[in-house]
Amino acid sequence: MFIDALRRYLECLPVGSTGWLAGLRNAQIGRALALIHRAPARPWTIDDLARAAGLSRSVFCDRFLRLLGQPPMQYLARWRMEAAAGLLRGGQAPVASVALEVGYESEAAFARAFKRETGTSPARWRRMQHAS
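Because the structure is predicted, anything quoted here is derived from the model rather than measured. (Residues numbered from 1 in each chain as written. Predicted model: local features only at pLDDT ≥ 70, side-chain atom pairs only at ≥ 80, totals over all residues. Heavy atoms only, no water.)

1. Topic: the side chain of N26
Thinking step 1. Note that N26 resides in the loop between α2 (20-25) and α3 (27-38).
Thinking step 2. Side-chain polar atoms of N26 contact the backbone nitrogen of Q28, separated by 3.1 Å.
Thinking step 3. In terms of polar contacts, N26 uses its side chain to reach the backbone amide nitrogen of I29, at 3.0 Å.
Thinking step 4. Setting aside its immediate chain neighbours within four residues, N26 contacts R63 and L67. (Helix = DSSP H or I, 4+ residues; strand = E, 2+ residues; numbered from the N terminus. Polar contact = N/O pair within 3.5 Å; in protein donor to acceptor, adjacent residues only side chain to side chain. Contact = heavy atoms within 4.5 Å.)

Structural data, given as structure tokens:
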């Protein structure tokens with residue numbers, strides 16, 4: 001029932017709408033979003049995503065930015081941090097394993113990116129979540 005309600009809502013979005021749902025409604029950008037969400041660890045490039053969407057790089061980037069309000073690589077980085085937060089919150093996997101699972105080749109690079117996004121290290125963030 002929820003999926004049906006969501007589909008109906010997407011059909012009723014005004015033409016100039018922006019945001020994640022507007023991106024999903026667009027066939028090309030929706031395809032790219034599905035790929036990013038399905039495989040965040042893949043070393044995506046603009047070329048990969050534009051090709052999968054069936055668009056040129058410039059059209060893909062412009063449309064993605066217009067619909068989602070942020071460039072594709074920034075969206076990917078934020079999605080990776082969301083996925084990492086879920087893994088850190090939900091389990092005891094070492095930070096290095098979480099880093100690999102969300103697309104970072106080193107724990108250090110992941111820790112820097114995570115701290116930029118959250119203001120704290122992954123290990124400290126996990127402790128704070130478990131203390132709450």
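2. Concerning the side chain of R80
Thinking step 1. Structurally, the position occupied by R80 is in helix α6 (residues 72-90).
Thinking step 2. The buried charged residue R80 lacks any salt bridge, with D48 as its nearest oppositely charged partner at 8.9 Å. (Buried < 20%, exposed > 50% of the residue type's maximum accessible area, 1.4 Å probe, protein only. Lys, Arg positive; Asp, Glu negative; His and termini not counted. Salt bridge = Lys/Arg side-chain N within 4 Å of Asp/Glu carboxyl O.)

3. Section: the nonpolar core
Thinking step 1. The biggest cluster of nonpolar side chains holds 16 residues, and the ones touching the most others in it are I29, L33, L49, F60, F64, L68 and Y75.
Thinking step 2. Contributing elements (two or more residues each) for this core: α3, α4 (46-53), α5 (57-68) and α6.
Thinking step 3. Residues within four places of F64 in sequence aside, it is in contact with I29, L33, G69, Q70, P71, P72 and Y75.
Thinking step 4. Core analysis: the next-biggest nonpolar cluster, separate from the first, contains 13 residues, A84, L88, Y104 and F110 among them. (Core = buried A, V, L, I, M, F, W, Y, C linked by side-chain atoms within 4.5 Å.)

4. Some thoughts on the pattern of salt bridges
Thinking step 1. Using the criterion set out here, one finds three salt bridges in the structure.
Thinking step 2. Where R51 meets D48, a salt bridge forms, and the shortest distance between an N and an O atom there is 3.6 Å. Taken as a pair, R51 and D48 lie in helix α4 at a separation of three residues, close to a single helical turn.
Thinking step 3. R51 sits in the exposed class, given a relative accessible area of 59%.
Thinking step 4. Between E117 and R78 there is a salt bridge whose closest N-O contact spans 3.4 Å.

5. A word on α4
Thinking step 1. Inspection of α4 places I46, D48, L49, A50 and A53 among the buried residues, and these make up the whole buried set.
Thinking step 2. Looking at the buried residues of α4, the elements they touch are α3, α5 and α6.
Thinking step 3. G54 lies just past α4 and shows a positive phi near 75°.

6. Things to note about the packing of aromatic side chains
Thinking step 1. One pass over the full model with this rule turns up five aromatic pairs.
Thinking step 2. Both rings, one in F64 and one in Y75, keep their centres 5.7 Å apart while their planes meet at 70°; by these two values the pair is edge-to-face. Of the two residues, F64 sits in helix α5 while Y75 sits in helix α6, which places them eleven residues apart along the sequence. Just as F64 is buried, Y75 falls in that class too.
Thinking step 3. On the basis of an interplanar angle of 80° and a centroid distance of 5.7 Å, the ring pair of F114 and W125 is categorised as edge-to-face. Within this pair, whereas F114 is found in helix α8 (residues 107-118), its partner W125 is found in helix α9 (residues 122-131), the two being separated by eleven residues in sequence. (Phe/Tyr/Trp six-rings, centres within 6.5 Å; stacked < 30°, edge-to-face > 60°.)

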